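# Remarks on the overall topology
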Amino acid sequence: MAEQKKIEKQLSLPLKNAVQMSVRNMKVRFGRAIIITTSILLGIAFLTSVRAGNAFNMSLILNGPEEISSLLAVDIAEVNARQGWLVSLSLLVCIVGIINAMLMSVTERSKEIGTMKCLGALDKFIVELFLLESLAHGLIGSIAGAIIGVLTMTVVYLIQYGGLIFQIFPTVVIVKDVLFSILLGTFLAVVGALYPAYISAKMEPAEAIRREV
Amino acid sequence: MAKEAIVRTIGVKKSFMLGKVPLHVLKGIDIEILKGEYISIMGPSGSGKTTLFNMIGGLDKPSEGKVYIDEVDIAQLDAYELAWLRCRKIGYIFQTFNLIPVMSALENVMLPMIFGGLSTDDARNKSRMLLESVGLGERVNHKPLELSGGQQQRVAIARALANDPAIILADEPTGNLDLKTGKEIINLLREMNKEKCVSIITATHDLKMLDVSDRVIWLRDGIIERVEDRENITIKVGEVEGE
């Protein structure tokens, strides 16, 4: 009897339904989704462009003509350090932006969250919904950002060095950079959503419903 | 029908801390609600209605005393079991309807069934059936904001019935509705109460509700002032409507 009761007591939110709900949420709150995605996009575009630029430089130094490579090799270490700072700062701003936007989304939806809890949603369902949404923002933003970053840098180097660029195009390094950026962007988006998701999951249903925004 | 108690509270007290001063909202409530009963909890604002209500609904735990739902002490339940209880045993209806705005009526009713582990197809069929039974068969694909207040509350009733709960808790279900629509909702609740033998507990100060209640519990300042049976109430309603 006790065994049977355990089996009956299953609560579930199938992934398919969760994805559906997240997508719908993003459609309805499209403006916010755009803001979050854009913030990731910009951060990642910057990161990717810096890394792609470095890849081009390295490739020019190694494979390019003598006069260019000697010019470039001068203070590459110092430039890299400065760029590292800028990129870290931009990603930090980006993650703070995500946390802020997601927190706002939690406040805005507190009634909805409370209602779902009254209907039997577990804390983890709520976390799942928020993380899924953030995962989507992160993926879309960082894929777009990575592509934009690489394209921009290619155009910049094309203008500066002309067709030479295509002879020394560092394909492998750039593909690696793009993948790294996408992973990092998605990771940051999900990390940024963790705290807001936790807060929303821990809300008491009675209180969440009562709260007027 | 066997007279089983579905909800039992024993000496329930609840106090909140207002800064450093404790505020005693409930001062010892003993009630027993039977299966299939229609109960109204009445009382002025601040009498502790909503607090008691949250207690019965497993949304809040008492400071002292015990609440049994279906013979289970809710203080003993962990978060998972509480969620399960809310999902399968209790249906909630709110004054402000609280439908999920981004979902259609159909999906709103499906939601608790999905949580309860029903497959999407089964949930859809049952949800359609429930919406038909509350008179919204034509409007299943409308979003809440495209429905009138009365219709939204009907969706909420269908949603509350989704997992065949033993109890429906309705917190001021007619508070945001006009006289006529309110009456329709009350009649619908009564109908469902008779049809599905589900206990309905409403916290309200809508006097129209008295007419259909089996028992009325009057609350004042955190204690039960009196409990009245159906027969004694009807006269009062006449008075009120005569105003």
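Overview of the structure. Keep in mind it's a predicted model, so treat the numbers as computed, not measured.

Time to look at helix α6 (residues 110-118) of chain A. All names here are of chain A. Of all nine residues in α6, eight are buried; the element is thus mostly enclosed. Within α6 the residues assigned to the buried category are S110, E112, I113, G114, T115, M116, K117 and C118. Directly beyond the C-terminal end of α6, a positive phi value near 110° is found at G120.

This structure, assessed with the given rule, holds five aromatic pairs over all chains. For the pair A:Y157 and A:Y161, a centre-to-centre distance of 5.8 Å together with 25° between the ring planes defines the contact as stacked. Of this pair, A:Y157 and A:Y161 are both found in helix α7 (residues 123-161), four residues apart, which corresponds to roughly one turn of the helix. By relative accessible area, A:Y161 is classed as partly exposed at 21%. Taken together, the ring pairs connect A:F56, A:Y157, A:Y161 and A:F169 into an aromatic cluster. Above the face of the A:F130 ring, A:R109 is positioned so that its terminal group lies 4.7 Å from the ring centre. A cation over a ring is seen here: B:R8 above B:Y68, with NZ or CZ 5.0 Å from the ring centre.

Here we come to the interface of chain A and chain B. Across the contact, 30 residues belong to chain A and 26 residues belong to chain B. When the two sides are added together, the surface that chain A and chain B hide from each other amounts to roughly 2,600 Å², 64% of it contributed by carbon and sulfur. Where A:R24 meets B:E107, a salt bridge forms, and the shortest distance between an N and an O atom there is 2.8 Å. Between the two partners, chain A and chain B, sit four residue pairs in polar contact (both at pLDDT 80 or more). Broken down by secondary-structure element, the contributors of at least two residues to the side of chain A that touches chain B are α2 (15-28), α6 and α10 (205-210) of chain A.

Our next topic: the sheet that holds strand β5 (residues 72-73) of chain B. Residue and element names in this part refer to chain B. The strand order β2-β1-β4-β5 describes an open sheet built from four strands, whose pairing is antiparallel. The sheet is open, and its two edges are formed by β2 (21-34) and β5, each paired on a single side. As defined by bridge partners, strand β1 (residues 5-18) adjoins strand β4 (residues 64-69) across five bridges and the pair is classed as antiparallel. Along β4, the bridge assignment pairs T9 with V67. Of the strands in this sheet, β1, β2 and β4 are in contact with helix α1 (residues 49-56), which crosses β2 at around 55°.

Relative to the assigned elements, A:E133 resides in helix α7. Apart from residues lying up to four places away in sequence, A:E133 is in contact with A:S22, A:N25, A:M26 and A:R109.

Time to look at the packing of α7(A) against helix α9 (residues 171-202) of chain A. Packed helices, taken two at a time, are described by their axes: the angle between them and the distance between them. Residues and elements named next belong to chain A. Contact geometry for α7 and α9: axes closest at 7 Å, N-to-C directions at 155°. Our classification of the angle between α7 and α9 gives roughly antiparallel. The two elements α7 and α9 cross, and the hand of that crossing is right-handed. Class assignment of the residues belonging to the contact of α7 with α9 gives a composition of 18 nonpolar, seven polar and two charged.

If you walk through the whole model with that rule in mind, you get 25 salt bridges over all chains. Residues joined by salt bridges that share partners form a network here, namely A:R29, A:R32, A:E108 and A:E112.

Reading the values: rules and limits
- Per chain, the residues get numbers from 1 upward, laid out in the order the sequence is written.
- Written order determines the labels here, with chains lettered from A and ligands numbered from 1.
- Only residues with pLDDT of at least 70 get local features here, since the model is predicted, and only at 80 or more are side-chain atom pairs given and counted; chain-wide, interface and lining totals rely on the full set of residues.
- Side-chain descriptors were evaluated using all non-hydrogen atoms of the structure, hydrogens and water having been removed beforehand.
- Relative accessibility decides the category of a residue: with a 1.4 Å probe and only protein chains considered, values under 20% of the type maximum give buried, values over 50% give exposed, and everything between is partly exposed.
- Helix numbering and strand numbering both begin at the N terminus, where a helix is a DSSP run of H or I of at least 4 residues and a strand a DSSP run of E of at least 2.
- Two rings from Phe, Tyr or Trp (for Trp, the six-membered ring) form a pair when their centres sit within 6.5 Å of each other. Planes less than 30 degrees apart are called stacked, planes more than 60 degrees apart edge-to-face, and all others tilted.
- By definition, being over a ring means that NZ of Lys or CZ of Arg is both within 6 Å of the ring centre and within 35 degrees of the ring normal.
- A contact between two residues is defined here by any heavy atoms of the two lying within 4.5 Å.
- Here's the idea: put two parts together, see how much 1.4 Å probe accessible area each one loses, and the total over both is what we call buried area.
- When a carboxyl oxygen of Asp or Glu lies within 4 Å of a side-chain nitrogen of Lys or Arg, that pair is called a salt bridge.
- Under this definition, polar contacts are N or O atom pairs within 3.5 Å; protein pairs additionally need one hydrogen-donor-capable and one acceptor-capable atom, and for neighbouring residues in sequence, both atoms have to be side-chain atoms.
- Should DSSP find at least two bridges between two strands, the strands are taken to pair.
- Here an angle of 0 to 180 degrees is reported between the N-to-C directions of two axes, which are lines fitted to C-alpha atoms, with helices fitted over the stretch in contact.
- Any angle between 65 and 115 degrees counts as roughly perpendicular, while under 35 counts as roughly parallel, over 145 as roughly antiparallel, and the rest as oblique.
- Each helix crossing is assigned a hand: it is left-handed if the near helix lies turned anticlockwise from the far helix by less than a right angle, otherwise right-handed if that turn is clockwise.
- Three classes are used, and their members are as follows: Ala, Val, Leu, Ile, Met, Phe, Trp, Tyr, Cys and Pro are nonpolar, Asp, Glu, Lys and Arg are charged, and the others, Gly among them, are polar.

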